[in-house]
Amino acid sequence: MLRHSIVVLGAFTLAALPAGAQRASEGTNPPGFRTLFTVDSAQVPNLNVSPDGKWVLFTRTGARPTSSLWMAAVADPKPFRLTSDGYIDRWPTLSPTGDRVFFVSNRPNRDSRSTAKFVMSLPIDKATGRPAGRVQQVTTDSVELMPPFGFSPDGKWLAYTVAGEQPALRLVSTTGGNARTLATKFTWASGLSNITFSADGQRVVFQDSLSFMLREVSVTGGAVTTLYRTAKGETVTPAPYRDDRYVVHDLSTGRAELLDRNGRSLGVALMPPG
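From a predicted model like this one, the values you see are computed outputs, not experimental measurements.

K.L.:
Would you mind showing me how to read the overall build of the protein chain here?
P.N.:
Secondary structure summary: the protein chain contains zero helices and 22 strands in total. In the protein chain, which comprises 274 residues, the share counted as buried stands at 46%. The long-range fraction of contacts in the protein chain, counting pairs at least 24 apart against all pairs at least 6 apart in sequence, stands at 34%. Accessible surface computed for the protein chain: about 14000 Å², of which carbon and sulfur atoms make up 51%.

K.L.:
Please clarify how the side chain of Ser105 should be interpreted in this entry.
P.N.:
Along the chain, Ser105 falls in strand β8 (residues 100-105). A polar contact of 2.7 Å, which involves the side chain of Ser105, links it to the side chain of Asp89. In contact with Ser105, not counting residues within four places along its chain, are Tyr87, Ile88, Asp89, Ala116, Lys117, Phe118 and Met120.

K.L.:
Can you help me understand unusual backbone geometry in this one?
P.N.:
As a rule of thumb, non-glycine residues mostly have phi less than zero, and peptide bonds are mostly trans rather than cis. A positive phi angle is found at Trp91, which is not glycine, with a value near 50°. Following the sequence through the fold, Trp91 ends up in strand β7 (residues 89-94). Assessed through its relative accessible area of 21%, Trp91 is described here as partly exposed.

K.L.:
What's the story with the confidence of the model for the protein chain in this structure? I'm lost.
P.N.:
Detailed conclusions should not be drawn from predicted coordinates in areas where pLDDT is low. For the protein chain, mean pLDDT is 77; residues scoring 70 or higher make up 73% of the total. Here strand β1 (residues 4-8) is the element of the protein chain with the lowest mean pLDDT, 43, and strand β9 (residues 118-123) is the one with the highest, 94. Across residues 1-26, confidence stays below pLDDT 50; counting only partners more than four residues off in sequence or on other chains, it has 80 contacts. Contacts of residues 187-191 to residues separated by more than four positions or lying in other chains number 15 contacts, the stretch itself having pLDDT below 50.

K.L.:
Just checking my understanding: could you explain the pairing of strand β18 (residues 225-229) for this structure?
P.N.:
Every other side chain in a regular strand lies on the same face of the sheet, so the side chains alternate between the two faces. In the sheet, strand β17 (residues 213-218) pairs with β18 via four bridges, with the strands oriented antiparallel. Pairing of Glu216 across the sheet is with Thr225, part of β18. Following β17, the chain reverses through six residues before pairing antiparallel with β18; Gly221 in that reversal takes a positive phi of roughly 90°.

K.L.:
I keep staring at the nonpolar core and nothing clicks. Help me out?
P.N.:
If you look at soluble globular proteins, the nonpolar side chains tend to sit buried side by side. Ranked by size, the top nonpolar core spans 14 residues in total, and within it Trp55, Leu57, Met71, Leu82, Leu94 and Val101 carry the most contacts. Within the residue set of this core, elements represented by two or more residues are β4 (55-61), β5 (67-73), β8 and β9. Among the elements that line this core, the one with the most residues is β9, at three residues. Ignoring any residue separated from it by four or fewer positions in sequence, one finds Leu82 in contact with Leu57, Leu69, Trp70, Met71, Val101, Leu122, Gly129 and Pro131.

K.L.:
What exactly am I supposed to notice about the sheet that holds β8 here?
P.N.:
Within a beta sheet, neighbouring strands are joined by backbone hydrogen bonds and run either parallel or antiparallel to one another. The antiparallel open sheet is built from four strands, whose spatial order is β7-β8-β9-β10. The sheet is open, and its two edges are formed by β7 and β10 (136-137), each paired on a single side. Direction of pairing for β7 relative to β8: antiparallel, over a ladder of four bridges. In the strand pairing of β8, Thr93 is matched with Phe102.

K.L.:
Please explain the side chain of Arg107 as it appears in this structure.
P.N.:
Mapped onto the fold, Arg107 is located in the loop between β8 and β9. Note on Arg107: relative accessible area 16%, which makes it buried. Among the polar contacts made by the side chain of Arg107, one reaches the side chain of Asp89 at a distance of 2.9 Å. When residues no more than four places from it in sequence are discounted, the contact partners of Arg107 are Thr83, Tyr87, Asp89, Met120 and Val135.

K.L.:
Sorry if this is basic, but what is going on with the environment of Thr115 here?
P.N.:
With respect to the secondary-structure elements, Thr115 resides in the loop between β8 and β9. Residue classification places Thr115 among the exposed positions, given a relative accessible area of 64%. Between the C-alpha atoms of Thr115 and Ser142, which are 27 residues apart in sequence, the distance is 8.4 Å.

K.L.:
How should I be thinking about the sheet that holds strand β22 (residues 265-270) in this particular structure?
P.N.:
The sheet built from four strands is open, its strands ordered β19-β20-β21-β22 with antiparallel pairing. Pairing within the sheet leaves two strands with one partner each, and these edge strands are β19 (234-238) and β22. Looking at each pair of strands side by side, their axes are set apart by 20° on average, direction ignored. Pairing geometry for strand β21 (residues 255-260) and β22, over five bridges, is antiparallel. Across the sheet, residue Leu258 finds its bridge partner in β22, namely Gly267.

Calculation rules
Residues numbered from 1 in each chain as written. Predicted model: local features only at pLDDT ≥ 70, side-chain atom pairs only at ≥ 80, totals over all residues. Heavy atoms only, no water. Helix = DSSP H or I, 4+ residues; strand = E, 2+ residues; numbered from the N terminus. Buried < 20%, exposed > 50% of the residue type's maximum accessible area, 1.4 Å probe, protein only. Contact = heavy atoms within 4.5 Å. Areas by Shrake-Rupley, 256 points an atom, 1.4 Å probe, with all protein chains shown as cover. Polar contact = N/O pair within 3.5 Å; in protein donor to acceptor, adjacent residues only side chain to side chain. pLDDT = per-residue confidence, 0-100. Pairing = 2+ DSSP bridges. Core = buried A, V, L, I, M, F, W, Y, C linked by side-chain atoms within 4.5 Å. Axes fitted to C-alpha atoms, helices over the stretch in contact; angles between N-to-C directions.

Dropping the structure here:
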């Protein structure tokens with residue numbers, strides 16, 4: 001039986017579907033959610049929503065092992081392709097300025113056996129979302145895949161996780177260039193994820209998954225501060241551009257709680273089944 005992945009977002013209404021997709025029953029939506037579009041579940045990993053909530057970006061698997069980037073406007077969700085097949089393009093994220101899509105790709109090494117993955121950027125038209133230039137390489141380090149990078153509020157800086165035997169959190173201009181290391185000595189590169197910045201852009205907040213901690217460090221480097229240590233069965237995620245609040249998700253109950261820097265509850269919700 002063909003299974004489908006349902007793309008839902010808040011109270012927005014399904015307007016259109018990509019080629020080959022099928023309309024999902026409204027009865028399958030969690031309370032407060034409406035379907036945008038549905039596609040084959042095996043073809044759409046790495047779904048993301050733009051910071052302004054106007055765009056949905058996702059990866060669609062092609063002839064294995066390739067994958068391409070796709071995008072759809074929430075107001076009129078007719079998905080269109082951003083990148084061609086022939087590469088492994090993943091984790092599309094729209095920059096805070098809304099004029100570039102950043103993603104992880106194997107493009108420089110597609111003709112070799114290298115497993116290196118780099119952050120790339122693609123300029124787009126802010127009004128239509130369509131590509132407006134060529135793909136450019138941003139990092140010269142091989143990066144991690146789980147969510148691998150975060151932007152400063154002004155869109156000028158990118159914090160990312162370096163893969164390899166000596167994992168590190170690094171900072172680079174979104175136009176590329178020399179990067180600087182902010183934090184090192186973590187136990188496993190894949191343990192650094194959910195990277196964001198404080199509202200003033202002066203601190204990087206990240207989830208150290210293997211140590212079950214939420215941490216922060218200055219953009220100039222220095223000491224790493226622990227903001228929250230999870231209990232068994234919990235995950236913790238920083239709120240985008242807020243170093244003073246974060247979400248703790250209890251995986252066994254689906255309970256998600258927004259906490260401030262002092263551990264005070266700011267609200268509780270139940271996450272839809274997933």
